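# Structure at a glance
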Amino acid sequence: MRPSELLIPTPAGLYCPPADIHIDPVRPVARALITHGHSDHARAGHGAVLATRETLAIMALRYGEGFTSSQQVAEPGAVTRIGSVDFRFVPAGHVLGSAQIVVECNGLRIVVSGDYKRERDPTCAGFEPVPCDIFITEATFGLPVFRHPPAREEVNKLLESVRLFPERTHIVGAYALGKAQRVMALIREAGYERPIHIHGALATLTEFYEEEGAPLGETRLVAASERKALGGEIVLCPPSAIQDLWARKFPDPVTAFASGWMRVRARARQRGVELPLIISDHADWDDLQATIHETGAGEIWVTHGEADALVHWCGTVGLKAKPLHLVGYGDEGEAEPELAPNEATPSEAPP
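Remember, it's a predicted structure, so these values are computed and weren't measured experimentally.

Conventions adopted
- Throughout this document, residue positions are counted from 1 along each chain, in the order its sequence is written.
- In keeping with the predicted nature of the model, local features appear solely for residues at pLDDT of at least 70, side-chain atom pairs appear and are counted solely at 80 or more, and the whole-chain, interface and lining totals rest on all residues.
- To get the side-chain values, take all heavy atoms of the structure and skip hydrogens and water.
- Put simply, DSSP H or I for four residues or longer makes a helix, DSSP E for two residues or longer makes a strand, and each gets a number counted from the N terminus.
- Computation of the radius of gyration draws on C-alpha atoms, with the globule rule given as 2.2 Å multiplied by the number of residues to the power 0.38.
- Classification of residues uses two cut-offs on accessible area relative to the type maximum, computed with a 1.4 Å probe and protein chains only: under 20% is buried, over 50% is exposed, and between them is partly exposed.
- Every residue pair with non-hydrogen atoms within 4.5 Å of one another is taken to be in contact.
- DSSP bridges decide pairing: two strands pair if at least two such bridges lie between them.
- An arc is given here, and it is the one of the directions from the helix axis to the C-beta atoms.
- Stacked, tilted and edge-to-face are the three classes assigned to paired rings of Phe, Tyr and Trp, where Trp is represented by its six-membered ring and a pair needs centres within 6.5 Å; plane angles under 30 degrees give stacked, over 60 edge-to-face, the rest tilted.
- Consider the ring centre and the ring normal. A charge sits over the ring if Lys NZ or Arg CZ is within 6 Å of that centre and within 35 degrees of that normal.
- Where helices are involved, their axes are fitted lines through C-alpha atoms of the stretch in contact, as for all axes, and angles between N-to-C directions lie from 0 to 180°.
- In this scheme, roughly parallel covers angles under 35 degrees and roughly antiparallel covers those over 145, while 65 to 115 is roughly perpendicular and the rest are oblique.
- In this classification, the charged set is Asp, Glu, Lys and Arg, the nonpolar set is Ala, Val, Leu, Ile, Met, Phe, Trp, Tyr, Cys and Pro, and all remaining amino acids, among them Gly, are polar.
- For this analysis, a salt bridge means a side-chain nitrogen from Lys or Arg found within 4 Å of a carboxyl oxygen belonging to Asp or Glu.
- Buried Ala, Val, Leu, Ile, Met, Phe, Trp, Tyr and Cys residues that are joined via side-chain atoms within 4.5 Å together make up what is termed a nonpolar core.
- pLDDT expresses how confident the predictor is about each individual residue, on a scale running from 0 to 100.

Counting its regular elements, the protein contains eight helices and 19 strands. Taking 351 residues into account, the globule formula puts the C-alpha radius of gyration at 20 Å, and the protein, at 20 Å, falls close to it. Considering only C-alpha atoms, the protein reaches an extent of 65 × 45 × 30 Å along its principal axes. Residues classed as buried in the protein amount to 58% of the 351 residues present. A sequence separation of at least 24 residues applies to 60% of the contacts in the protein between residues at least 6 apart.

Encoded structure:
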């Protein structure tokens, strides 16, 4: 079987003709496989959805129980045959329930990574490399400038600032699904025992993570009347809220933002971030390269992000590669925004 007979890019997303099914489609389709619950990959309105139990639950929380006409749980590692194709979901390490999708037919194996990271995350299962013929990878941070420091070091920066400025509220912008809960868990691992205060927009998913056993410690919803009394406390909120009137009601707030984009100083300045925290749920440049090597794939397809740079690197190490030019990923409200080309320069990166 030729690769183009097993998976092809279409305006709706990756399509598998032998199974008549799409992977992370960007528009409603009859049947869909979903890698994880972020809104640029998981959309409502499909006829039938196959995904992990956690991803299905997250979609129901975000879109309502009627987000699809039919749903089926993909057990991690179990094979589901659709038509002549075998599908298998393997942990991707991105957020709770995230999975790579292994696609096999007539001796050809293609792995669709979805979004993934390689650094340990106490709130979700870690990435598991799968040997394959073709590896389809994201490249959100597919430029050499993006080399993420250990997340625990960034959290230590936050806690040191809290210690140095005990009268100021530290407001941390973090994406509602995955990033906010990971930051909370890392704060707990660093020994912080005080309650962590959260914006209402984070409440539903944080409660779900707690029900799933994530070690988040005590969390408290921020009440409008209490904001002036939260000096010295840590408050998590959606990234948009750190520049909102909501944030100005706290005592002399220190604004922080947990994102891989904080590697670029211009991005931090544009958002008015005083304390950038380089914490990402995507693989950085080095981890993208290491993962490609680990899969043993002879051919690499790049779905979204900085595809051209990663495709070029593949060529330098003797790997066949191509960009798929899929659209609709990485530009949803909760997804990390695409970086303007003139912002991704090494001269702007912090040491």
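This paragraph deals with the pairing of strand E2 (residues 13-16). Pairing of strand E1 (residues 8-10) with E2 involves three bridges; the strand directions are antiparallel. Residue pairing across strands places Thr10 opposite Gly13, the latter belonging to E2. What sits between E1 and E2 in their antiparallel hairpin is a turn of two residues. Counting the residues that bridge the hairpin from E2 to strand E3 (residues 21-23) gives four residues, and of these Asp20 lies at a positive phi of roughly 50°.

Turning our attention to helix H8 (residues 307-316). Three or more residues of H8 are buried, namely Ala307, Leu310, Val311, Trp313 and Cys314. Buried residues of H8 fall within an arc of 160° about the axis and therefore sit on the same side. Turned more than 90 degrees off the buried face of H8, the exposed positions are Asp308, His312 and Thr316. Where the residues of H8 are buried, they touch strand E11 (134-139), helix H7 (285-295), strand E18 (299-305) and strand E19 (320-323).

Here the structure, examined in full by the defined rule, presents seven aromatic pairs. Judged by centre distance (4.9 Å) and plane angle (65°), the ring pair of Phe141 and Phe146 falls under edge-to-face. Taken together, a centroid distance of 5.5 Å and an interplanar angle of 85° make the contact between Phe146 and Trp261 edge-to-face. Of the two residues, Phe146 sits in the loop between E11 and helix H3 (151-164) while Trp261 sits in the loop between strand E16 (254-258) and helix H6 (265-270), which places them 115 residues apart along the sequence. Each residue in the set Tyr116, Phe127 and Phe135 is aromatic and connected to the rest through ring pairs, giving one cluster. Just above the ring of Phe165 sits the side chain of Arg168; from NZ or CZ to the centre is 5.4 Å.

This paragraph deals with the packing of H3 against helix H4 (residues 179-189). Relative orientation of the contacting elements H3 and H4 amounts to 75°, with a least axis distance of 10 Å. Between H3 and H4, the angle falls in the class roughly perpendicular. In contact with Ala151, Val155, Leu158 and Leu159 of H3, H4 contributes Arg182, Leu186 and Ile187. Looking at the contact of H3 with H4, its residues break down into six nonpolar, no polar and one charged.

Take the sheet that holds strand E6 (residues 68-73) next. Strand pairing in a sheet relies on backbone hydrogen bonds. The paired strands run either parallel or antiparallel. Taken in spatial order, the six strands make up an open sheet running E1-E2-E3-E4-E5-E6, and their pairing is mixed. For this open sheet the edge positions go to E1 and E6, each flanked by a neighbour on one side alone. The sheet shows a mean angle of 30° between the axes of neighbouring strands, direction not considered. Pairing of strand E4 (residues 31-33) with strand E5 (residues 46-51) involves three bridges; the strand directions are parallel. From the neighbouring strand, Ala32 faces E5, where its bridge partner is Val49.

Our next topic: the pattern of salt bridges. Inspection of every chain in the model, using the stated rule, returns 19 salt bridges. Residues joined in a network through salt bridges with shared partners are Lys117, Glu119, Asp121, Arg182 and Asp281.

In terms of nonpolar packing, the biggest core is built from 35 residues, with Leu158, Val172, Ile187, Tyr209, Ile234, Leu236 and Leu277 touching the most fellow members. Of all the secondary-structure elements, those providing two or more residues to this core are H3, H4, strand E13 (196-198), helix H5 (203-211), strand E15 (234-237), E16 and strand E17 (275-277). With six residues, the top contributor of residues to this core is H4. Core analysis: the second largest hydrophobic core is formed by 28 residues, Leu50, Ala74, Ile134 and Leu324 among them.

A few words now on the confidence of the model for the protein. With 94% of its residues at a pLDDT of at least 70, the protein reaches an overall mean of 93. Note on residues 331-351: pLDDT under 50 across the span, and 60 contacts to partners over four residues away in sequence or across chains.

Relative to the assigned elements, Glu153 resides in helix H3. For Glu153 and Ile278, which are 125 residues apart along the polypeptide, the C-alpha to C-alpha distance reads 9.3 Å.

The next subject is unusual backbone geometry. A positive phi angle, near 50°, is found at Asn106, a position not held by glycine. Position of Asn106 relative to the elements: it lies in the loop between strand E9 (99-105) and strand E10 (108-112). For His325, which is not glycine, the phi torsion reads 55° and is therefore positive. Note on placement: His325 falls in the segment after E19. For His325, a relative accessible area of 61% corresponds to the exposed category.

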